[in-house]
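Notes for the structure review
Now for the letters of each chain:
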Amino acid sequence: CRHSAPAEIGPMTIEPGRAHLRDFASVVEVLSETTAFTLATLNDDASPRATPLFFATDDRFCLYFLSEAGSRHAQNLAREPRAGAAIFPMVGHWSEIRGLQIQGRVSRLEGSGRETALELYAGRFPFITDLGDAVQHSEMLQLTPSWIRLIDNRRARGRDEHGGVAHGDEDRTV
């Protein structure tokens, strides 16, 4: 997976792979403890579509997921490869919300790229070996992030002067 542009973290722009260690560790933590994400695409009438999917990831934060070729989101991506994603562990209180917002491009993998991605995916979801033909007839897609924002309400600064919650700039873009 390749990043085509520098990533951004907070108010500064940085080269991919050179963000603050704490932020990269937080991104890795969210990705490792979350197995599903919501993929956002645009229908042909420009209305939004959100699709929950399982994913695997690599050390460059690319997301790999299987899709049926005829599915609405796969058709949307064939027409417009730009997509958004939201990844967040389930929590019980708003102050515990943390997760990732991602923007990027989705591409269909074939050949050795598909096989490598399937190995990553099977490593995370061993049950796919039991699905046989369904997996072989599915597309393996890769979301390559151009922008990632880390949201972590646990880092909120406390209360503002009016008694409300002051969130400050605690989200990070990596």
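For the structure itself, look to the data block above.
Residues numbered from 1 in each chain as written. Predicted model: local features only at pLDDT ≥ 70, side-chain atom pairs only at ≥ 80, totals over all residues. Heavy atoms only, no water.

Digging into the overall build of the chain
Helix and strand content of the chain: 4 helices and 12 strands. Considering the chain as a whole, with its 174 residues, one finds that 40% of them fall into the buried category. Here the analysis covers contacts within the chain between residues at least 6 apart in sequence; of these, 62% occur between residues at least 24 apart. Looking at the chain as shown, the accessible area adds up to about 9,900 Å², and 51% of this sits on carbon and sulfur atoms. (Helix = DSSP H or I, 4+ residues; strand = E, 2+ residues; numbered from the N terminus. Buried < 20%, exposed > 50% of the residue type's maximum accessible area, 1.4 Å probe, protein only. Contact = heavy atoms within 4.5 Å. Areas by Shrake-Rupley, 256 points an atom, 1.4 Å probe, with all protein chains shown as cover.)

Concerning the side chain of Ser-138
Topologically, Ser-138 is positioned in strand 9 (residues 138-152). Taking the relative accessible area as the measure of exposure, Ser-138 reaches 17% and is therefore buried. Excluding residues within four positions of it along the chain, Ser-138 makes contact with Leu-66, Ser-67 and Arg-114.

Some words on the packing of aromatic side chains
A complete count under the given rule lists 6 aromatic pairs for this structure. Through a chain of ring-to-ring contacts, three or more aromatic side chains come together here, namely Phe-54, Tyr-121, Phe-125 and Phe-127. One residue, Arg-124, lies across the ring of Phe-55, its end atom 4.8 Å from the ring centre. (Phe/Tyr/Trp six-rings, centres within 6.5 Å; stacked < 30°, edge-to-face > 60°. Lys NZ or Arg CZ within 6 Å of the ring centre and 35° of its normal.)

So, a nonpolar patch on the surface
A grouping of Phe-54, Phe-127 and Leu-131 is seen on the molecular surface, where their side chains present a nonpolar patch of about 270 Å² in accessible area. Tracing the sequence through the fold places Phe-127 in the loop between helix 3 (111-124) and helix 4 (133-136). On the basis of relative accessibility, which here comes to 38%, the residue Phe-127 falls in the partly exposed class. (Patch = residues over 30% accessible without salt bridge, like charges linked within 9 Å, V, L, I, M, F, W, Y side chains within 5 Å. Salt bridge = Lys/Arg side-chain N within 4 Å of Asp/Glu carboxyl O.)

Description of helix 3
The end-to-end C-alpha distance of helix 3 is 20 Å, a good match for the 20 Å that 14 residues give at a rise of 1.5 Å each. Within helix 3 the residues assigned to the buried category are Arg-114, Ala-117, Leu-118 and Tyr-121. In a view along the axis of helix 3, the buried residues occupy a sector of 105°, so they form one face of it. Summarising the geometry of helix 3, the exposed residues directed more than 90 degrees from the buried face are Ser-112, Glu-119 and Gly-123. Looking at the buried residues of helix 3, the elements they touch are strand 4 (48-54), strand 5 (56-57), strand 6 (63-68), strand 8 (98-109), helix 4 and strand 9. (Expected span 1.5 Å × (residues − 1). Arc of directions from axis to C-beta.)

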